[in-house]
Amino acid sequence: PVVLPAGATKPKVMGSLVTANDYPRAARAAEIEGVVQVKIVVKTDGSVELVKFIKSDPNFDDAVRDILKRLRYTPAMYNGRPIAVFQNVTFPFEIE
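Residues numbered from 1 in each chain as written. Predicted model: local features only at pLDDT ≥ 70, side-chain atom pairs only at ≥ 80, totals over all residues. Heavy atoms only, no water.

**Q** Just to check I follow, could you spell out the sheet that holds strand β7 (residues 85-93) for this structure?
**A** To summarise the sheet geometry, strands pair through backbone hydrogen bonds and adopt either a parallel or an antiparallel arrangement. The three strands are arranged β3-β2-β7 in an open sheet whose pairing can be described as antiparallel. Among the strands making up the open sheet, the edge pair consists of β3 (48-55) and β7. Each adjacent strand pair in this sheet contributes to an overall mean axis angle of 30 degrees, direction not counted. Of the strand pairs in this sheet, strand β2 (residues 34-42) and β3 are connected by six bridges, and their pairing is antiparallel. From the neighbouring strand, valine 41 faces β3, where its bridge partner is glutamate 49. Its contacts with the sheet put helix α2 (residues 61-70) on β2, β3 and β7, and the angle it makes with β7 is roughly 130 degrees. (Pairing = 2+ DSSP bridges. Helix = DSSP H or I, 4+ residues; strand = E, 2+ residues; numbered from the N terminus. Axes fitted to C-alpha atoms, helices over the stretch in contact; angles between N-to-C directions. Contact = heavy atoms within 4.5 Å.)

Have a look at this one:
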């Protein structure tokens, strides 16, 4: 994987990052909100791989791991071909 090169199109998330079903029950019951930031690799097939947590929250880290298992992107494109790139992603957990 590479840092997004100049002239490449960014990968785009397909769907929502965080849905109501992703919110951990214990955190919702305690009315806890938080933010988790991760560095991922968006692969050429649009799947993702966790590289590291940039900002961790023990209330939400497992939920983010679960989200990453289902999360899909349209891959980054460079010179007409998909490329694997690093991307930082923020997951907001807010009670609505």
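Next comes the rest of the write-up.
**Q** I keep staring at the pattern of salt bridges and nothing clicks. Help me out?
**A** Think of it this way: side chains of opposite charge can pair up when their charged atoms draw near. The tally for this structure, following the rule as stated, stands at four salt bridges. A salt bridge links glutamate 49 to lysine 43, with the shortest nitrogen-to-oxygen separation between them at 3.5 Å. Glutamate 49 sits in the partly exposed class, given a relative accessible area of 41%. According to the relative accessible area criterion, lysine 43 is partly exposed, its value standing at 31%. Between lysine 69 and aspartate 66 there is a salt bridge, with its nearest N and O atoms 3.7 Å apart. (Salt bridge = Lys/Arg side-chain N within 4 Å of Asp/Glu carboxyl O. Buried < 20%, exposed > 50% of the residue type's maximum accessible area, 1.4 Å probe, protein only.)

**Q** For this particular structure, what's the right way to read the nonpolar core?
**A** The nonpolar side chains of a soluble globular protein tend to be buried, and buried together. Among the nonpolar cores identified, the biggest contains 21 residues, and Ile40, Phe91 and Phe93 are the most heavily contacted of them. At the level of secondary structure, the elements contributing two or more residues to this core comprise β2, α2 and β7. (Core = buried A, V, L, I, M, F, W, Y, C linked by side-chain atoms within 4.5 Å.)

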